[in-house]
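# Residue-level structure breakdown
What follows is each chain in one-letter form.
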Amino acid sequence: MILSAVVAMTLTQPAMAAPARADDSWHNFIQLWWDWGVVYSDLVTITDQGGVIVYEGKPGWEGQGLGPGNTVVLDADALVTPGDWDGNAQADWMFRSSDGGLYLRTGIGGADAEQVGWGWDVMTAMVSPGDWNGDGASDVLARDGAGVLWMYRGDGSGGWLPGRTQVGSGWNIMASIFSGRDFNADGKPDVLAVDTGGAMWLYPGNGTGGWMSRVQVGWGWQKMDLIAAPGDFDYDGHADVIARDIAGSMWLYPGNGAGSFTWTRRLLNIPTPALFG
């Protein structure tokens, strides 16, 4: 949700057993040899100085960011984590520059940024819930200035399928829109959104590009100015939400695996970023 290479080692040891995952391996950014084959969800951050740092959702590794913190990503004002966008079995990330250009990076040690879009500065929110329409390739959802929500379909090999599809309207009442991954654990990607009154809503996807009925899953979220759902960050088998409050503290809100929270939030030992996804 980078620039220095991390070399993954192929091990002969069997993978360690793990609880059920809240998302697929293509949501993960770092698969290192010390993970012993287990998939951990990661939080991608961009600092005020433009450095990209990934925090691995692994017990005991909180706050130990991996990635090129001294590398500058110029002019990034939005961050999107679509999963494996280009079909190379590594999770990717995108950033939007202030001139509206959209750029793709492959994995934590991918090649130089590749421009994959223009004119995205007209969008007031961007998110990738993964494969929204069920065709096997990741997609991007974006809200325009009129509050219309559009689906842009990925082609599974780093590009886009022709055209776009309107999938919602009236989304300008939302202060924050972000991927829910599979927040309600029904096997389909979801979207989470916080409205201007601070209510958090779960918009379950139907797996074919549409929606199930929305459900309110929280309130008081107007106190948070950055929110993301990287997947199962605390490694309990359920998708979680991470948020930064207006005082600059980072909090983990554990999901309960049924589309809501355990309400046992805890403070994270992660430096405050400028952007995360």
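We now turn to the structure provided with this report.

Rules used in this analysis
- Residues numbered from 1 in each chain as written.
- Predicted model: local features only at pLDDT ≥ 70, side-chain atom pairs only at ≥ 80, totals over all residues.
- Heavy atoms only, no water.
- Pairing = 2+ DSSP bridges.
- Helix = DSSP H or I, 4+ residues; strand = E, 2+ residues; numbered from the N terminus.
- Axes fitted to C-alpha atoms, helices over the stretch in contact; angles between N-to-C directions.
- Core = buried A, V, L, I, M, F, W, Y, C linked by side-chain atoms within 4.5 Å.
- Buried < 20%, exposed > 50% of the residue type's maximum accessible area, 1.4 Å probe, protein only.
- Contact = heavy atoms within 4.5 Å.
- Salt bridge = Lys/Arg side-chain N within 4 Å of Asp/Glu carboxyl O.

We now examine the sheet that holds strand E11 (residues 174-181). Think of a sheet as strands paired side by side through backbone hydrogen bonds, with each pair either parallel or antiparallel. Strand order across the open sheet formed by 4 strands is E11-E12-E13-E14, with antiparallel pairing between neighbours. Here the strands that pair on one side only, and so sit at the sheet edges, are E11 and strand E14 (215-218). Neighbouring strand axes in the sheet, compared pairwise and without regard to direction, differ in orientation by 30 degrees on average.

This part is about the sheet that holds strand E8 (residues 139-144). Here we have 4 strands laid out as an open sheet, ordered E7-E8-E9-E10, and antiparallel in their pairing. Each having just a single partner strand, strand E7 (123-130) and strand E10 (165-168) make up the two edges of the open sheet. In this sheet, adjacent strand axes meet at a mean angle of 30 degrees when their direction is disregarded. Inspection of the sheet shows E7 paired to E8 by 5 bridges, in the antiparallel sense. Residue Met 123 lies in a different strand from E8, and its bridge partner there is Asp 144.

Quick look at the nonpolar core now. Nonpolar side chains tend toward joint burial in soluble globular proteins. Counting residues in hydrophobic clusters, the biggest one holds 17 residues, and the most contacted among them are Leu 192, Met 200, Trp 221, Ile 227 and Val 241. Taken together, the elements giving at least two residues each to this core come down to strand E12 (190-195), strand E13 (200-204), strand E15 (224-231), strand E16 (240-245) and strand E17 (250-253). Among the elements that line this core, the one with the most residues is E15, at 3 residues. Every residue in contact with Leu 192, bar those within four places of it in the chain, is listed here: Ser 176, Ile 177, Phe 178, Ser 179, Gly 180, Phe 183, Met 200, Trp 201, Leu 202, Val 217, Ala 229 and Val 241.

Inspection of the entire model under this criterion finds 2 salt bridges. Of the charged contacts, one joins Arg 96 and Asp 77 as a salt bridge, the two residues approaching to 2.9 Å between their closest N and O atoms. Of this pair, Arg 96 sits in strand E4 (residues 92-97) while Asp 77 sits in strand E3 (residues 76-83); the two residues are 19 residues apart in sequence, bridging distant segments of the chain. Overall, Arg 96 belongs to the buried group, its relative accessible area being 10%. Among the ionic pairs, Asp 225 bridges to Arg 244, the shortest N-O distance being 2.9 Å. Here Asp 225 is found in strand E15, whereas its partner Arg 244 is found in strand E16, with 19 residues between them in sequence.

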